[in-house]
Amino acid sequence: DAKTTQPPSMDCAEGRAANLPCNHSTISGNEYVYWYRQIHSQGPQYIIHGLKNNETNEMASLIITEDRKSSTLILPHATLRDTAVYYCIPRAGGFKTIFGAGTRLFVKA
Amino acid sequence: DGGITQSPKYLFRKEGQNVTLSCEQNLNHDAMYWYRQDPGQGLRLIYYSQIVNDFQKGDIAEGYSVSREKKESFPLTVTSAQKNPTAFYLCASSSSLAEGPYEQYFGPGTRLTVT
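Residues numbered from 1 in each chain as written. Chains lettered and ligands numbered in written order. Predicted model: local features only at pLDDT ≥ 70, side-chain atom pairs only at ≥ 80, totals over all residues. Heavy atoms only, no water.

Asker: What's the story with the overall build of chain A in this structure? I'm lost.
Answerer: For chain A, the helix and strand inventory stands at zero helices and nine strands. For chain A, the succession of helices and strands along the chain, N to C, is β-β-β-β-β-β-β-β-β. Taking 2.2 N^0.38 as the reference for a compact globule, 109 residues should give roughly 13 Å; the C-alpha atoms of chain A span a radius of gyration of 13 Å, in line with that estimate. Over its C-alpha atoms, taken along the principal directions, chain A stretches across nearly 40 × 30 × 25 Å. (Helix = DSSP H or I, 4+ residues; strand = E, 2+ residues; numbered from the N terminus. Rg over C-alpha atoms; globule rule 2.2 N^0.38 Å.)

In structure tokens form, the structure reads like this:
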């Protein structure tokens, strides 16, 4: 499994875009990049995933660099409810989803 | 509404007692999982099940047991052999592992406190 590096914490002003980076330089060709978030004392919530191309859904956009060694999750208009821990997880098939420490995002009014 | 339910939300037990945590899903998912989370830490996999009547140990299975008699249900028993049982326990499910990867859907969690 690829190792990931995420900043331990970030701040964002409400209404602004939150850009959360993730380095996964050892990612293998068959590993997707998944993003989850966990609001305090709740179960993690799936956000988005991608392999090579950039992806967008109703929650966020995912930008993956061409060499696939890093990615950025973008919350276009952050709200206070987006305050959470965000996990970047490279994952191929199989059962293992390894949740590391993630990035604690604080959205401030 | 489709989803995963865990009960109870908070559970208190005395040391030396076994306790069973409930997990039910109505998403028609084949695979189910149990994770443990300690304060400020990521999630660690306890057990997972790909299909009814089959389950495998995860990274920290010692002191835990599971059963999978129905597709919808995957209860976790925390036995008295688990040395540090106080933690936040999360259940998850996903579509079949055979054609993954699939995203996992999580329940709200059970916070177990053992004194």
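Asker: For this particular structure, what's the right way to read the pairing of strand E11 (residues 110-114) of chain B?
Answerer: Moving residue by residue along a regular strand, the side chains alternate between the two faces of the sheet. Residues and elements named next belong to chain B. Across four bridges, the pairing between strand E2 (residues 10-13) and E11 is parallel. Looking at E11, one finds that leucine 11 is bridged to leucine 112. Strand direction decides the pairing type here: strand E9 (residues 87-94) and E11, joined by three bridges, are antiparallel. Pairing of alanine 87 across the sheet is with leucine 112, part of E11. (Pairing = 2+ DSSP bridges.)

Asker: In this structure, what is going on with the side chain of arginine 68 of chain A? I would like to understand it.
Answerer: Residue and element names in this part refer to chain A. Topologically, arginine 68 is positioned in the loop between strand E6 (61-64) and strand E7 (70-75). Although arginine 68 lies buried, it forms no salt bridge, and the closest oppositely charged side chain, glutamate 31, sits 6.1 Å away as judged by the N-O distance. Beyond its immediate stretch of four places on either side in the chain, arginine 68 contacts His24, Ile27, Ser28, Gly29, Glu31, Leu51 and Lys52. (Buried < 20%, exposed > 50% of the residue type's maximum accessible area, 1.4 Å probe, protein only. Lys, Arg positive; Asp, Glu negative; His and termini not counted. Salt bridge = Lys/Arg side-chain N within 4 Å of Asp/Glu carboxyl O. Contact = heavy atoms within 4.5 Å.)

Asker: Explain the pattern of salt bridges here, please?
Answerer: Pairing between side chains of opposite charge can happen when the charged atoms of each approach one another. All names here are of chain B. Counted by the stated rule, this structure contains five salt bridges over all chains. Of the charged contacts in the structure, one is a salt bridge between aspartate 30 and lysine 71, with a shortest N-O distance of 3.5 Å. Of this pair, aspartate 30 sits in the loop between strand E3 (19-25) and strand E4 (31-37) while lysine 71 sits in the loop between strand E7 (64-66) and strand E8 (76-78); the two residues are 41 residues apart in sequence, bridging distant segments of the chain. Judged by its relative accessible area of 28%, aspartate 30 falls in the partly exposed class. The class for lysine 71 is partly exposed, based on a relative accessible area of 24%. A salt bridge links arginine 36 to aspartate 38, with the shortest nitrogen-to-oxygen separation between them at 3.0 Å. On the accessibility criterion, aspartate 38 (17% relative accessible area) is buried.

Asker: Got a minute to help me understand the interface of chain B and chain A in this structure?
Answerer: Interfaces are frequently sized by the accessible area removed from exposure as the parts join. Facing the 22 residues of chain B at the interface are 20 residues of chain A. At the surface where chain B touches chain A, the tally comes to zero salt bridges. Mapped by element, the contributors of at least two residues to the side of chain B that touches chain A are E4, strand E5 (43-51) and E9 of chain B. Across the side of chain B that touches chain A, the residue classes break down as twelve nonpolar, six polar and four charged. (Nonpolar A, V, L, I, M, F, W, Y, C, P; charged D, E, K, R; others polar.)

Asker: How should I be thinking about the sheet that holds E8 of chain B in this particular structure?
Answerer: The pairing of strands in a sheet happens through backbone hydrogen bonds and is either parallel or antiparallel. All names here are of chain B. With antiparallel pairing, four strands are arranged side by side in an open sheet as E1-E3-E8-E7. In this open sheet, the two edge strands, each paired with only one partner strand, are strand E1 (4-7) and E7. Strand-to-strand twist of the sheet, defined as the mean angle between neighbouring strand axes without regard to direction, takes the value 20°. Bridging between E3 and E8 involves three bridges; their strand directions are antiparallel. Looking across to E8, one finds that valine 19 is bridged to valine 78. (Axes fitted to C-alpha atoms, helices over the stretch in contact; angles between N-to-C directions.)

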